[in-house]
Amino acid sequence: MKNRLLTSLAILALALAGIQSAAAQALAGRALPDRPRVGISYYKVPPGKHDEWLALYKKWHRPIMDAQIKHGTTISSTLYVLSSHQFDGNYDFVIVSVSPAEPKPFPTSRGELIKKLFPDIEAYVAGERRRWELTVDHADTSLVEIDLNEETPSVYYPIINGKIVR
């Protein structure tokens, strides 16, 4: 009985991995070299903890994003919250970040930036640890723009040097 359950779980996990892999393959090589990159982060927070999470985000993570925007590595990063209640809301906060098609590298590592922005590294770690304790669920994704000016738009043909390979 135990082996049957483990086998069933393993088959389900492989099936889910295959579905995710197929979805990822459909968009492989679709980045347009002259278009910005859009990243989206979703956060789920326990009821009644939204303001605490927001304060921690603003104090400990937003300065990093602001530094990237100031440097030009990121064009913009906007935090959104749901405008109404949902029965089964999968997320509470959404961050949409836009980066240049070919972002210039940041002059320091992320660790060096964090140390520069937050000399009291223990306070930074405690603040980020608490923010992640309050994060019930989190997912990051990115979007690829579809060029609707193509004669026959498709998500399957790769793009090389800005041209669709058919």
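Here the structure is shown first, and the text comes after it.
Position numbers for residues start from 1 in each chain and track the written sequence from start to end. The model is predicted, so local features are restricted to residues of pLDDT at least 70 and side-chain atom pairs to those at 80 or more, both for listing and for counting; the totals for chains, interfaces and linings are taken over all residues. By convention in this description, side-chain values take in all heavy atoms of the structure and omit both hydrogens and water.

**Topic: the pattern of salt bridges**
Point 1. We define a salt bridge as a contact between a side-chain nitrogen of Lys or Arg and a carboxyl oxygen of Asp or Glu at a distance within 4 Å. The full count for this structure, using the stated rule, is five salt bridges.
Point 2. A salt bridge links D92 to K44, with the nearest nitrogen and oxygen atoms 3.7 Å apart. Of this pair, D92 sits in the loop between β2 (76–81) and β3 (93–99) while K44 sits in strand β1 (residues 37–44), and the two are 48 residues apart along the sequence.
Point 3. For D66, the salt bridge is made with R62, and the minimal N-O distance between the two is 2.9 Å. Here D66 and its partner R62 are both found in helix α2 (residues 50–71), four residues apart, which amounts to about one turn of the helix.
Point 4. Where salt bridges share partners, they join E52, R130 and E133 into one cluster. Only DSSP runs of H or I with at least four residues qualify as helices, and only runs of E with at least two residues qualify as strands; both kinds are numbered from the N terminus onward.

**Here we look at the pairing of β1**
Point 1. By this definition, two strands are paired if DSSP reports at least two bridges between them. Inspection of the sheet shows β1 paired to β3 by seven bridges, in the antiparallel sense. In the sheet register, I40 faces β3, and the bridge partner there is V96.

**Quick word on the environment of Y57**
Point 1. With respect to the helices and strands, Y57 occurs in helix α2.
Point 2. A relative accessible area of 3% means that Y57 is categorised as buried.
Point 3. Y57 has contacts with R62, M65, S77, L79, I95 and R131, leaving out every residue within four places of it along the chain. For every residue, the accessible area obtained with a 1.4 Å probe (protein chains only) is divided by the maximum for its type, and the residue is called buried under 20%, exposed over 50%, and partly exposed between those limits. Any two residues whose heavy atoms approach within 4.5 Å are treated as being in contact.

**Looking at the side chain of S41**
Point 1. Mapped onto the fold, S41 is located in strand β1.
Point 2. Counted as a polar contact is a pair of N or O atoms within 3.5 Å, where, for protein atoms, one must be capable of donating a hydrogen and the other of accepting one, and residues adjacent in sequence contribute only when both atoms are in side chains. Here the side chain of S41 touches D140 through a polar contact of 2.5 Å, side chain to side chain.
Point 3. Residues in contact with S41, not counting those within four places in the same chain, are F93, V94, I95, H138, A139 and D140.

**With respect to helix α4 (residues 121–133)**
Point 1. Expected span of a helix, by definition, is 1.5 Å for each gap between consecutive residues, and there is one gap fewer than residues. Counted at 1.5 Å a residue, the expected span for α4 with its 13 residues is 18 Å, and the 18 Å between its end C-alpha atoms agrees.
Point 2. Along α4, the residues that are buried comprise Y124, G127, E128 and R131. Projected onto a plane normal to the axis of α4, the buried residues spread over an arc of 95° and lie on a single side. Away from the buried face of α4 by more than 90 degrees, exposed residues E122, R129 and E133 are located. The arc in question is formed by the directions pointing from the helix axis toward the C-beta atoms.

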